[in-house]
Amino acid sequence: MTLAASPARRVVLAGASGTIGKAVAAALAAAGHETHALARADFSSPALLAQRVAAARAEVVISCIASRSGAPSDAWAVDHDSNRALLAAAEAAGARQFILLSAICVQKPRLAFQHAKLAFEAALVQSPITHTIIRPTAFFKSLSGQVARVRAGKPFLLFGDGELTSCKPISDADLARFILAAIDNPEAAGRILPVGGPGPAITPREQGELLFAAARRPARFRSVSPGLFAAAARVLGLGAGLSPWCAAKAEYARIAHYYATESMLVWDPASGRYRADLTPEFGSETLSDHYRRLMAKG
Ligand SMILES: NC(=O)c1ccc[n+]([C@@H]2O[C@H](COP(=O)([O-])OP(=O)(O)OC[C@H]3O[C@@H](n4cnc5c(N)ncnc54)[C@H](OP(=O)(O)O)[C@@H]3O)[C@@H](O)[C@H]2O)c1
């Protein structure tokens, strides 16, 4: 997508307290847009939401909301229902563009949150408002869960040989710039845009090597079988019909198995493979820079 600054717009931003929402709020302010951030309380009723979006006289609505737990009922309530209410409010307020932060993993949907996101994407595509759906690859925070382990001298945990998956990690600030570049951009109008960071695609083993290099320690790995998650999902799934606790835990095990075995790259149905070369790259911040910053913080 070509980068071009749009004129200042009245923008309603949902999810401004989240990881990417915060970065988008900062980027909107820096670019001089008039930003109206919605809080969780604004979603307590569709009428209140419509009132807030109308009062802002929104020209552009950006949604960065998402279920924080990923549990099926919460995913449908937030990723689908709350976004549907926001879309209805945007339509009623006469907004011209709705930009949705989605996820690249919806292209191979197996999890409840992915189905909830896809159902909303379909509703957005049907809406008279110009849509832009952004499907990023992995965020830096999702690849930083082992910083404390490595700092403590423990081995980096890998699934299988650590080469089962790969992704092009994107920083919060780079993704925020990409989202802003979609405002008023004809190249983003009516489009679904997968996006990754600057590349190249890296595997979990390479992430571990980058993390050890940032920590100035020799790399040490321990392999875990992703089959453990599949087995846990099967066992917990047996109780899912009787217990919401089992249902939620079974879904978390399925989510863990999914991320242990599926790449966050564009899926090519023709070849039946994930394709790094088809996954667009954007931005300049690398995971290695991020790891070095985290290690320097101590
Ligand atoms: N993590 C990754 O690697 C990755 C990769 C690709 C795509 N994505 C997608 O990127 C999106 C955003 O991720 P993120 O990490 O920025 O999310 P996040 O940090 O978890 O933030 C979620 C946002 O949604 C809001 N929210 C949650 N429940 C809500 C509700 N019931 N009503 C209204 N607002 C609610 C939160 O508000 P509160 O502060 O009030 O909770 C927060 O502002 C998600 O759709 C995710 O699937 C993630």
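Everything that follows concerns the structure shown earlier in this document.
None of the values given here were measured: they were computed from a predicted structure. (Residues numbered from 1 in each chain as written. Predicted model: local features only at pLDDT ≥ 70, side-chain atom pairs only at ≥ 80, totals over all residues. Heavy atoms only, no water.)

**Structural notes on the overall build of the protein chain**
For the protein chain, the helix and strand inventory stands at 10 helices and 10 strands. Scaling as 2.2 N^0.38, a compact globule of 298 residues should have a C-alpha radius of gyration of about 19 Å, and the protein chain matches this with 20 Å. Once the C-alpha set of the protein chain is aligned to its principal axes, its extents read approximately 55 × 50 × 40 Å. Out of the 298 residues belonging to the protein chain, those deemed buried represent 48%. Within the protein chain, contacts between residues separated by at least 24 positions form 78% of all contacts whose residues are at least 6 apart in sequence. Accessible surface, the protein chain: about 13,500 Å² in total, of which carbon and sulfur atoms supply 57%. (Helix = DSSP H or I, 4+ residues; strand = E, 2+ residues; numbered from the N terminus. Rg over C-alpha atoms; globule rule 2.2 N^0.38 Å. Buried < 20%, exposed > 50% of the residue type's maximum accessible area, 1.4 Å probe, protein only. Contact = heavy atoms within 4.5 Å. Areas by Shrake-Rupley, 256 points an atom, 1.4 Å probe, with all protein chains shown as cover.)

**Things to note about the sheet that holds strand 2 (residues 34-38)**
A sheet is described by the order of its strands in space; here 6 strands give the open sequence 2-1-3-4-5-7, paired in parallel fashion. Edge positions in the sheet fall to strand 2 and strand 7 (191-195), since each has one partner strand and no second. The average undirected angle you get between the axes of adjacent strands in this sheet is 15°. Here 5 bridges tie strand 1 (residues 10-14) to strand 2, and the two strands are oriented parallel to one another. Counted as the bridge partner of Ala-14 is Leu-38 from strand 2. Against the sheet, helix 1 (residues 19-31) contacts strand 1, strand 2, strand 3 (60-63) and strand 4 (97-101), and its axis sits at roughly 165° relative to strand 1. Helix-sheet contacts for helix 4 (residues 112-126) involve strand 4, strand 5 (130-136) and strand 7, and the interaxial angle to strand 5 is about 155°. (Pairing = 2+ DSSP bridges. Axes fitted to C-alpha atoms, helices over the stretch in contact; angles between N-to-C directions.)

**A word on empty space enclosed by the protein**
Counting across every chain of the model gives 1 cavity of 30 Å³ or more. Of the pockets and cavities examined, the largest cavity occupies roughly 50 Å³. As for the largest cavity, its lining consists of Ile-65, Asp-79, Asn-83, Leu-100, Leu-101, Ser-102, Lys-117, Phe-120 and Glu-121. In terms of residue count, the dominant contributor to the lining of the largest cavity is helix 4 (3 residues). Considered class by class, the residues forming the lining of the largest cavity number 4 nonpolar, 2 polar and 3 charged. (1 Å grid on protein atoms, 1.4 Å probe; cavity = no way out; pocket = protein on both sides within 12 Å on 5 of 7 lines; lining within 4 Å. Points joined across faces, edges and corners; volume = space filled by probe spheres on them. Nonpolar A, V, L, I, M, F, W, Y, C, P; charged D, E, K, R; others polar.)

**Side note on the site of the ligand**
Taken together, 22 residues lie around the ligand, and Ser-17, Arg-68, Lys-117, Lys-141 and Ser-142 are the ones closest in. For the ligand, an oxygen atom lies 3.1 Å from a polar atom in the backbone of Gly-18. Here Lys-141 contributes a side-chain N or O atom positioned 2.5 Å from an oxygen atom of the ligand. When the free accessible area of the ligand is taken as 930 Å², the share hidden by the protein chains comes to 83%. When its residues are assigned to classes, the shell around the ligand shows 11 nonpolar, 7 polar and 4 charged. (Near = heavy atom within 4 Å. Polar contact = N/O pair within 3.5 Å; in protein donor to acceptor, adjacent residues only side chain to side chain.)

**A word on the packing of helix 7 (residues 204-215) against helix 10 (residues 287-297)**
Where helix 7 meets helix 10, the closest approach of the two axes is 9 Å, and the angle between their N-to-C directions is 40°. Judged by the angle between their axes, helix 7 and helix 10 are oblique. In this structure, helix 7 meets helix 10 at a crossing whose hand is right-handed. Between helix 7 and helix 10, the residues in contact are Gln-207, Leu-210, Leu-211, Ala-214 and Ala-215 and Leu-287, Ser-288, Tyr-291, Arg-292 and Met-295, respectively. (Parallel < 35°, antiparallel > 145°, perpendicular 65-115°, else oblique. Left-handed = near helix turned anticlockwise from the far one by under 90°.)

**Some words on helix 10**
Quick reminder: α-helices carry 3.6 residues per turn. Residues three or four places apart thus point the same way. Along helix 10, the residues classified as buried are Leu-287, Ser-288, His-290, Tyr-291 and Met-295. The buried residues of helix 10 occupy an angular sector of 160° when the element is viewed end-on, so they sit on one face. Structural note: helix 10 exposes Ala-296 and Lys-297 on the side pointing more than 90 degrees away from its buried face. The inward-facing, buried residues of helix 10 abut helix 5 (147-151) and helix 7. Once helix 10 finishes, Gly-298 follows within two positions and takes phi at roughly 75°, a positive value. (Arc of directions from axis to C-beta.)

**Notes on the side chain of Asp-268**
Tracing the sequence through the fold places Asp-268 in strand 9 (residues 266-268). We classify Asp-268 as buried; its relative accessible area is 12%. Every residue in contact with Asp-268, bar those within four places of it in the chain, is listed here: Arg-273, Arg-275 and Leu-278.

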